[in-house]
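Chain by chain, the residues run as shown.
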Amino acid sequence: MTLSLVMHDWRLLERIVGLTNRLGCAYTRVDVRAGEAHYHATIDFVGPPDALRRLDAQLSRLLNDDKEMSR
């Protein structure tokens, strides 16, 4: 599973790494580029299908919270 993410707080990447490990997944590639007020990240995740679905749901919540906090 490959996701392109927009983050407003760089610490979110640390949370994503921890969450990925806790859910039994791993990442095979991380590319992060800093913008003026946000970060663009492309991350390749691997793992069992159920774990990837849980990870995707958790990431959606984290990114929604990040977006709301940046307003």
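Report on the accompanying structure. (Residues numbered from 1 in each chain as written. Predicted model: local features only at pLDDT ≥ 70, side-chain atom pairs only at ≥ 80, totals over all residues. Heavy atoms only, no water.)

Take the overall build of the protein chain next. Per the secondary structure count, the protein chain includes two helices and three strands. Helices and strands appear in the protein chain in the N-to-C order β-α-β-β-α. Overall, the C-alpha framework of the protein chain stretches about 35 × 20 × 15 Å when taken along its three principal axes. Relative to all contacts within the protein chain whose residues are 6 or more apart in sequence, the contacts with residues 24 or more apart total 65%. (Helix = DSSP H or I, 4+ residues; strand = E, 2+ residues; numbered from the N terminus. Contact = heavy atoms within 4.5 Å.)

This part takes up the pairing of strand β3 (residues 39-46). Relative to β3, strand β1 (residues 2-7) runs antiparallel, the two sharing six bridges. Bridging from a neighbouring strand, V6 pairs with H40 of β3. Counting the residues in the hairpin turn of strand β2 (residues 26-34) and β3 gives four residues. (Pairing = 2+ DSSP bridges.)

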